[in-house]
Amino acid sequence: MGEGNLSFRRLSSIRHRKKRTAAKDEAESSLISSSPPPTPITPAAVAAKAAKKKAGGARLWMRFDRTGAMEVVECDKSTIIKRASVPPRDLRILGPVFSHSSNILAREKAIVVNLEVIKLIVTAEEVLLLDPLRPEVLPFVERLKQQFPQNTDASGNVVQSSSLLDQEAGEGLQSELPFEFQVLEIALEVVCSLLDTSVDALETEAWPVLDELTKNVSTENLEYVRSLKSNLTRLLARVQKVRDEIEHLLDDNEDMADLYLTRKWIQQNEQSEAELGETASNRLSRATSNRSSSMVTSNTKDDDVEDLEMLLEAYFMQLEGMRNRILTVREYIDDTEDYVNIQLDNQRNEMIQLQLTLTIASFAITANTLLVSLFGMNIHCPLYEMDDVFGYFLSTVTAVCVVLFMLTLGYARWKKLLGS
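Residues numbered from 1 in each chain as written. Predicted model: local features only at pLDDT ≥ 70, side-chain atom pairs only at ≥ 80, totals over all residues. Heavy atoms only, no water.

Brief notes about the nonpolar core
Part 1: With 64 residues, the main nonpolar core has Ile118, Leu120, Phe140, Val183, Ile246, Leu308 and Leu312 as its most contacted residues.
Part 2: Among the elements that make up this core, the one with the highest residue count is helix 7 (residues 179–215) (17 residues).
Part 3: Apart from residues lying up to four places away in sequence, Val183 is in contact with Leu120, Val122, Val127, Phe140, Leu144 and Phe148.
Part 4: Ala84, Val112, Ile121 and Leu130 belong to the second largest nonpolar core, which has 14 residues in total. (Core = buried A, V, L, I, M, F, W, Y, C linked by side-chain atoms within 4.5 Å. Buried < 20%, exposed > 50% of the residue type's maximum accessible area, 1.4 Å probe, protein only. Helix = DSSP H or I, 4+ residues; strand = E, 2+ residues; numbered from the N terminus. Contact = heavy atoms within 4.5 Å.)

What about the pattern of salt bridges?
Part 1: One pass over the structure, following the stated rule, counts 19 salt bridges.
Part 2: In this structure, Asp196 engages Arg325 in a salt bridge whose closest nitrogen and oxygen atoms are separated by 2.9 Å. Note that Asp196 is positioned in helix 7 and Arg325 in helix 13 (residues 306–375), a separation of 129 residues in sequence.
Part 3: Connected through salt bridges with shared partners, the residues Arg63, Asp65, Glu71, Arg83 and Glu126 form a single ionic network. (Salt bridge = Lys/Arg side-chain N within 4 Å of Asp/Glu carboxyl O.)

Looking at the UniProt feature "transmembrane region" (unreviewed entry) in the protein
Part 1: Residues annotated in UniProt with the feature "transmembrane region" (unreviewed entry) correspond here to residues 356–377 and 389–412.
Part 2: With 91% helix and 0% strand, the stretch residues 356–377 has end C-alpha atoms that lie 32 Å from each other. (UniProt positions renumbered as here; feature names shortened; annotations may be inferred.)

Observations concerning the pairing of strand 1 (residues 59–65)
Part 1: Burial within strand 1 is extensive, with five of its seven residues counted as buried.
Part 2: Here six bridges tie strand 1 to strand 2 (residues 70–75), and the two strands are oriented antiparallel to one another. Residue Phe64 lies in a different strand from strand 2, and its bridge partner there is Met70.
Part 3: Connecting strand 1 to the next strand, strand 2, in antiparallel fashion are four residues, including Gly68 with a positive phi near 95°.
Part 4: By the bridge criterion, five bridges tie strand 1 to strand 6 (residues 126–130) in an arrangement that is antiparallel. Opposite Asp65, over in strand 6, you have Glu126 as the bridge partner. (Pairing = 2+ DSSP bridges.)

Let's talk about the sheet that holds strand 5 (residues 118–122)
Part 1: Overall, antiparallel pairing links the six strands, which are arranged 2-1-6-5-4-3 in an open sheet. One side of each edge strand has no neighbouring strand; the edge strands of this open sheet are strand 2 and strand 3 (103–106). Neighbour-to-neighbour, the strand axes of this sheet turn through a mean angle of 20°, independent of strand direction.
Part 2: Taken strand by strand, helix 5 (residues 138–147) contacts strand 1, strand 2, strand 5 and strand 6, and its axis lies near 20° from that of strand 1. (Axes fitted to C-alpha atoms, helices over the stretch in contact; angles between N-to-C directions.)

Laid out in structure tokens, this is it:
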């Protein structure tokens, strides 16, 4: 009987445990079912994240073509690379890391220009200008508008860049510079104007400060000169970088020949037309263009870079003149510093002479004091018993002191330790 009750209790306890575990499982399942579902990943969300990431690398560019049409857009690197056909490393040159460098790089279909604040990519048909809304870049934009006014036909429509390029080729490219060289000339003109203004400001500031320093050598004037030398060093480095880049181009005819984008564009069109096969009417309509292109390409061996060389040589001479002006200011600063050092050395020598004179006087007075101290001791001396000997003794000791001073001073002057 006792064993039956015990087995019944065990069975009841097992049933209670199963009921408790079942209730716990139901509670956990209810909690899981009540939690909010995860946010679904939709194509719109993915596109928004991608657009946000792309916008983070986008920069402000201005597109300006040879017809005068312009627009300001935000583009990322990949868009610029596809449009201008330049390698990605060239865009790093236009970035903030190389903001203080100067480069003019020739590529197959574009010219990458990084001159001071002017950062642009030039093709045969358009200009891509970086950060066109900066105050330093606005003069360049205005010059572009003046050089390339917007062209319209008789009906008031804007002339396309390709048709305008054919028109310029028909008129003959030797009558004026190609589009890319005109843009490069405007960039060099703006940069040289900016540097020339800085050099003028430096000269205007330098002369009064240096003249004041020669009159009054003070801490304030020395601080002005230190700041002036820092500005001069930075300005000289800026001018030197632009000058060296132009000099590098002038020393290499192949690099200058690679800058003729319009000539490459005409040659590529001729090759494509030869491959496709022109009709007789097309040959007749493009006869003038072929003649002008043959005129352009006829001198490719000797003087094909003469126009560009003359253009670069003119601005090279301007930069060389600015560099000489800066070096003149630096030489004047060095001369002023030498003059100030001479003044300080002269004052230092005068102080040393004064110190030496006082030392000689102290030596003579010390000898007089030695005699007086000897007679001041309690030693028996016959002079103590003589009447009116004090006046004679004082006069004799003073005369000895003066003679000793004069002899020592004369010896110092004989040895040229003191000035006359």
